Each structure stands twice: as C-alpha cells, then as structure tokens.
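Remarks on the overall topology
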Amino acid sequence: MVQIPKDSVPPSPAPLAVPTSADVARLAGVSRATVSYVLNNTSAVRISEPTRRRVHEAARELGYVPHAAARSLRAGHSRLVLMPAPNVPVGPLYSQFLSELQGALGRLDYTVVQYGSVGLNGDEAARAWAELRPVAVLVPGSDLGPQGVAVLKRSGARAVVTLGTRRVEGAHALLMDHAGVGHSAGAHLVARGRRRIGVVVPEEPGFEVFSQPRLDGVRRAVHGTDAAVTELPLAHDEDSAARLAGKWRSLGLDAVFAYNDEYAMLLMRALQDEGIAVPEETAVIGADDLMLGRLLRPRLSTVHIELPAGRDLAELVDRAVREPGAAPQAHEVLGARVVHRESS
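Residue positions are counted from 1 within each chain, in the order its sequence is given. Thresholds applied to this predicted model are a pLDDT of at least 70 for local features of residues and 80 or more for the giving and counting of side-chain atom pairs; totals over whole chains, interfaces and linings are not thresholded and use all residues. To obtain the side-chain values, all non-hydrogen atoms of the structure were used and water was disregarded.

Points about the overall build of the protein chain
Quick reminder of the rule: Every helix listed is a DSSP run of H or I at least four residues long, and every strand listed is a run of E at least two residues long, numbered separately from the N terminus. The classification of residues rests on relative accessible area computed with a 1.4 Å probe and restricted to protein chains. Under 20% of the type maximum is buried, over 50% is exposed, and intermediate values are partly exposed. Contacts are assigned to residue pairs with any non-hydrogen atoms lying within 4.5 Å of each other. We get accessible surface area from the Shrake-Rupley algorithm with a probe of 1.4 Å; when it comes to residues, only the shown protein chains can shield them.
Within the protein chain, the secondary structure is distributed over 14 helices and 12 strands. Buried positions account for 47% of the 344 residues belonging to the protein chain. In the protein chain, the share of contacts with a sequence separation of at least 24, taken over all contacts with a separation of at least 6, comes to 70%. For the protein chain, the accessible surface area stands at approximately 18100 Å², while carbon and sulfur atoms represent 52% of it.

Describing the packing of aromatic side chains
Inclusion rule: Ring pairs shown here join Phe, Tyr and Trp side chains whose ring centres sit within 6.5 Å, with only the six-membered ring taken for Trp; geometry is labelled stacked below 30 degrees between planes, edge-to-face above 60, and tilted in between.
Applying the stated rule across the entire model yields 3 aromatic pairs. Plain terms: the ring middles of Phe-207 and Tyr-259 are 5.9 Å apart, the flat faces sit at 85 degrees to each other, and that makes the pair edge-to-face. Placement of Phe-207 in the loop between strand E6 (196–202) and helix H9 (208–222) and of Tyr-259 in the loop between strand E8 (255–257) and helix H12 (261–273) is noted, with a sequence separation of 52 residues between them. For Phe-207, a relative accessible area of 8% corresponds to the buried category.

Let's talk about H9
Where we set the bar: One fewer than the residue count of a helix, multiplied by 1.5 Å, yields its expected span.
Taking 1.5 Å of rise per residue, 15 residues should cover 21 Å, and H9 covers 21 Å from first to last C-alpha, within 8% of that figure. The inward-facing, buried residues of H9 contact helix H8 (178–191), E6, strand E7 (228–234), E8, strand E9 (283–287) and strand E10 (301–306). Once H9 finishes, Gly-224 follows within two positions and takes phi at roughly 90 degrees, a positive value.

Description of a negative patch on the surface
Basically, it comes down to this: Like charges within 9 Å and nonpolar side chains (Val, Leu, Ile, Met, Phe, Trp, Tyr) within 5 Å are joined into patches, using only residues over 30% in relative accessible area that form no salt bridge. When a carboxyl oxygen of Asp or Glu is within 4 Å of a side-chain nitrogen of Lys or Arg, the pair counts as a salt bridge. By the counting scheme adopted, Arg and Lys are positive, Glu and Asp are negative, and His together with the chain ends is not counted. Where a charge lies is defined by one atom per residue type: Lys uses NZ, Arg uses CZ, Asp uses CG and Glu uses CD.
A cluster of acidic residues, Glu-203, Asp-237, Glu-238 and Asp-239, forms a negative patch on the protein surface. Examined against the element boundaries, Asp-237 turns out to sit in the loop between E7 and helix H10 (238–246). By relative accessible area, Asp-237 is classed as partly exposed at 33%.

Considerations on the side chain of Asp-261
Rule in force here: In the analysis that follows, any N or O atom pair within 3.5 Å is treated as a polar contact, provided that within protein one partner can donate a hydrogen and the other can accept it, and provided that, for residues neighboring in sequence, both atoms belong to side chains.
Within the fold, Asp-261 resides in helix H12. Side-chain polar atoms of Asp-261 contact the backbone nitrogen of Asp-289, separated by 2.9 Å. Those residues in contact with Asp-261 that sit more than four places away from it in its chain are Gly-286, Ala-287, Asp-288, Asp-289, Leu-290, Leu-300 and Thr-302.

Describing the sheet that holds E6
The following threshold applies: Note: two strands are recorded as paired if DSSP finds a minimum of 2 bridges between them. Helix axes are fitted to C-alpha atoms over the stretch in contact, other axes to C-alpha atoms as well, and angles between N-to-C directions run from 0 to 180 degrees.
Reading across from one edge, E7-E6-E8-E9-E10-E12 is the order of the 6 strands in this open sheet, with mixed pairing throughout. One side of each edge strand has no neighbouring strand; the edge strands of this open sheet are E7 and strand E12 (335–339). Between one strand axis and the next, the sheet turns through 20 degrees on average, direction left out of account. When E9 meets E10, the two strands line up parallel, connected through 3 bridges. Bridging across to E10, Gly-286 finds its partner in Thr-302.

A look at the nonpolar core
Just so we agree on the cut-off: Residues grouped as a nonpolar core are buried Ala, Val, Leu, Ile, Met, Phe, Trp, Tyr and Cys residues, joined through side-chain atoms within 4.5 Å.
Grouped together as the largest cluster of nonpolar side chains are 45 residues, with contacts concentrated most on Leu-105, Leu-138, Phe-257 and Val-317. The dominant element in this core, judged by the number of residues it contributes, is helix H5 (residues 92–107), at 7 residues. Discounting residues that sit within four places of it in the chain, Leu-105 has contacts with Val-81, Tyr-110, Val-112, Leu-138, Ala-314 and Val-317. Among the nonpolar cores identified, the runner-up in size contains 25 residues, and Ala-241, Trp-248, Leu-253 and Tyr-263 belong to it.

What about empty space enclosed by the protein?
Selection rule: Points on a 1 Å grid over protein atoms alone make up a cavity when a 1.4 Å probe fits among them but cannot get out, and a pocket when they form an open set with protein on both sides within 12 Å along at least five of seven lines; lining residues each have an atom within 4 Å of a point. Grid points are joined across faces, edges and corners, and a volume is the space filled by probe spheres set on the points.
Per the stated rule, a full pass over the model turns up 2 cavities of 30 Å³ or more. When its volume is computed, the largest cavity comes out at roughly 110 Å³. For the largest cavity, the lining is made up of 16 residues, of which Met-83, Tyr-94, Leu-138, Pro-140 and Leu-163 are closest to its centre. Counting residues per element, the ones that place at least two in the lining of the largest cavity are strand E1 (80–84), H5, strand E3 (136–140) and strand E4 (159–164). The element that contributes the greatest number of residues to the lining of the largest cavity is H5, accounting for 4 residues.

Encoded structure:
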C-alpha cells in the first residue's frame, strides 16, 4: 500500500481585530459619542472642524467604518434607498439622471443600492425588495401595484416613489408625460408641411410603456388635420433598419418620428444608404437631444426632454422619509420641447 505524503499546511494567520468606535475615540482623543456624531453626520450637535478632522483621520488610519445595522437600530430605520434596475435598456439621458440622483441622495447621507430583479415583476418583485428593509424605494415603470406598496410599507419602507406614466395607490408618483413627447414631435412635423408621418415603435419587449404614449401623442397632434400616421415596428439593429428603409418609398412616407435619437440615427443612416434624401424626401426627428445627434450630417432634429434635477428628487425622497404619514403626492416631471435642426 502506497501512502501519499501529506503536505504540511501552514497555519492560517490570525484574523485581524475589527476596529471599533472605541478605538477611533482613543486614537482621536475624543468620546465615543463624538465619534458617532461626526461619522453619522449628526447636525444636532456642534462639533469643531479640527475635532471632525481628527476623528476622520483616526477612522481612516484604523480602517474603521460605521456599522450600518447598528446605525439603523439607533435611528429606528435604515438609510438604504433601493432603486430597482429598469427592465428595459436605458439610454444615456436616463443613466445621467440616475447618476445625479444617486449623488444627491448620497450627500443627504443615504446609501443607494441598485437591485437587479430579472424575472421578477410587480408585487412579486416588491417582496424581494422588502427583504432588504429599505427606508425608501424608487420604482421605475408601472409594474408595481397597491399590494406591493403595502408589502414595502409593512417591511419598514417610509417612502415608495414610482417613476412612470400613472399613479399607484399608496405611493408618491413622478409622472412622465411621454404622450407630450410624441405630441411635440408630431406637431413639429405637421408645421413643417409633412402629411404622411411614420412613428417608430421599438420591437424590444418592455418599451411599450413609453412607445405607446408617444405614438398616441403623435396621433393627437395630427387630429383635425389632413395628415396620417403609420406605425413602424423596428428592432434596434442594422438589419431591421435596412429592411424598413428598403420598403420606404412603397410606404409613401414623408416624415418619421423615430421614438428617440438612437433609433433615429439608426434609421436615418439606413435611409441614406437606400438613397433617400433627408430631409428632402423624408424628415426625421428623434427625442432625448443626445450630443451624437448634433454630430450627424444632417444634424438631427429632436425633442429635448427635461427630467427633474437629481437634487430636487432627492429632497422629495428625504421629505417623504421624514414625514411617512403624509398623503402621497403626484408631480409632473417630464418637460418636452422641440430642437429644430437640419434633418426636419
């Protein structure tokens, strides 16, 4: 019988002791209460700037960070704001908005966590969010229902805020008027003398919550005129755009609202490849007012969308957290205006 020699395993190093607030207090020469006031940004107690610096320097030297769970117990609630990830791809405009919002909430001493709830929808997703015990939840889209709001509030969420096209019972609502975006684009094209207007409707799942109101807005803009609207399903890829451009002349269209700038750029290039002159044969307008649209030739007309400032929304969330018994409010947060350039 052959025995396999055992390799000698070096002993594991002893785990480093976790620094405590008492360690920080000793190194900084202050009380533990002062450490708590400084590191938790407590405004009710005046702490001199030199003392604040000593506490922060001691915490950095020791590698100490406050214990979030302990802080939550003292405050009676967490400082966690949950932002479920949208279930559709978000463009640069919305990404910038989310980044500004996260920064503004961080400056108010909230911790912002994005939650990927792939495969979960509506009230089922709300139960998963509730497990994290957030103090506030910002929900994009319109999947959440009243039951989901109730689940979140029972778990300790002081504020539930939806960002979409409709109100949800029990939640604060930031209402986005995507029909107004479509109406602005449609009215612009009609004013430019266009009468056979195509409207791009993305084929990717999840976009209908935005694309359908935009289509309805264009239809409302042409109501009472001799203009007509044609719905144009389009996937965001070159082959789909090329197929649509290949049958463009048979559709008899002289203008298109292409849902947003990204679809507009995709389609405009396909139309030009097909020999269709923009804007002479077909006017093109997008939405979002991305910088890339200004770099195209012809420069892309667009609907400039005005989202709320991250600071204003962060203050709304903070107010809702501090006043959990206040009645839910609704705010219109989406402005739209046409930026006329060469493509229309």
